[in-house]
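What follows is the residue order along each chain.
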Amino acid sequence: LVTGVQTCALPICENAIVDAMRYLQVDKKINVSPKRVREYYAAHPEQFTIADGMQISTILISPDAGRATADVVLQTLRSGGDFAELAKEHSCDEYAEMGGFRDFIKPEEHFNAEIVDAINRLKTGDISDVIEMNGYCLIVKKGEIRGGTLRPLKDVWPVAEKAVRAQL
């Protein structure tokens, strides 16, 4: 330890070093062209559309059942299990009796930003990974989308650019 030099907690320092190295060796060298951002935007309109409503089904696993149960339910779903039946069996919310089905809703009016983001990354018919929040585990199935407004590219440019940068 050098006198007069402040040190920080090891994990924080390591993360800062890794971030700095990643920036210098990768991010700084990636040039994202406006053309690529426009192409990504055009190819992925579902990521930039504000839906008038979409069918959402959920399975909410209680903290008592735990993450292990949520992982088993997700594995069963990915192996062809019936979402509605698994929701009736495992979900602890008021939609369980309806197979987790919530009809046409605007996700941003019913869920927090993390869940809305996960829903927006899904394609119609897709099932999310397990989303953990306050001890609960949530699995979401995205259904049909009704209507919608494509957000202008200028409003979502940073999101599209970040996605292209991640691809590169």
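From a predicted model like this one, the values you see are computed outputs, not experimental measurements. (Residues numbered from 1 in each chain as written. Predicted model: local features only at pLDDT ≥ 70, side-chain atom pairs only at ≥ 80, totals over all residues. Heavy atoms only, no water.)

Asks: In this structure, what is going on with the pattern of salt bridges? I would like to understand it.
Replies: Where side chains of opposite charge bring their charged atoms close, a pairing between them can arise. What the rule picks out here adds up to eight salt bridges. In this structure, the salt-bridge partner of glutamate 39 is lysine 35, at a minimum N-O distance of 3.8 Å. Linking glutamate 39 with lysine 35, this pair stays in helix H2 (residues 34–43), spanning four residues, or about one helical turn. Its relative accessible area of 43% is what places glutamate 39 among the partly exposed residues. Relative accessible area serves as the criterion here: at 55%, lysine 35 is assigned to the exposed category. For aspartate 93, the salt bridge goes to arginine 102, with nearest N and O atoms at 3.5 Å. On the accessibility criterion, aspartate 93 (13% relative accessible area) is buried. Through salt bridges with shared partners, a single ionic network connects Arg67, Asp71 and Glu132. (Salt bridge = Lys/Arg side-chain N within 4 Å of Asp/Glu carboxyl O. Helix = DSSP H or I, 4+ residues; strand = E, 2+ residues; numbered from the N terminus. Buried < 20%, exposed > 50% of the residue type's maximum accessible area, 1.4 Å probe, protein only.)

Asks: Looking at this structure, how should I read the pairing of strand E2 (residues 53–61)?
Replies: If a strand is regular, its side chains alternate between the two faces of the sheet. Counting buried positions over the nine residues of E2 gives eight, a clear majority of the element. With eight bridges joining them, E2 and strand E5 (residues 136–146) adopt antiparallel strand pairing. Looking across to E5, one finds that glycine 53 is bridged to arginine 146. Here E2 runs beside strand E3 (residues 101–105); their pairing, made up of three bridges, is antiparallel. Counterpart to serine 57 in the pairing with E3 is phenylalanine 101. (Pairing = 2+ DSSP bridges.)

Asks: Would you explain unusual backbone geometry in this entry?
Replies: Among all residues except glycine, the phi angle is most often negative; among peptide bonds, the trans geometry is most common. For aspartate 103, which is not glycine, the phi dihedral falls at a positive 65 degrees. One can find aspartate 103 in strand E3. For aspartate 103, a relative accessible area of 40% gives the class partly exposed.

Asks: Sorry if this is basic, but what is going on with the pairing of E5 here?
Replies: Looking at chain direction, strand E4 (residues 131–133) and E5 are connected through three bridges and run antiparallel. Note that in E5 the partner of glutamate 132 across the bridge is cysteine 137. Turn length for the E4-E5 hairpin, with the two strands adjacent in sequence and antiparallel, is two residues, and the turn residue asparagine 134 shows positive phi of about 50 degrees.

Asks: Looking at this model, I keep getting lost on the confidence of the model for the protein. Mind explaining?
Replies: The predicted coordinates of low-pLDDT regions are not to be read in fine detail. With 89% of its residues at a pLDDT of 70 or more, the protein has an overall mean of 86. The lowest-confidence element of the protein is helix H1 (residues 10–25), averaging 72 in pLDDT; the highest-confidence one is helix H4 (residues 83–90), averaging 96. (pLDDT = per-residue confidence, 0-100.)

Asks: Sorry, what's going on with the side chain of serine 91 here?
Replies: By the element assignment, serine 91 lies in the loop between H4 and E3. A distance of 3.1 Å separates the side chain of serine 91 from the side chain of aspartate 93, its partner in a polar contact. Serine 91 has contacts with Thr58, Ile59, Leu60, Leu86 and Ala96, leaving out every residue within four places of it along the chain. (Polar contact = N/O pair within 3.5 Å; in protein donor to acceptor, adjacent residues only side chain to side chain. Contact = heavy atoms within 4.5 Å.)

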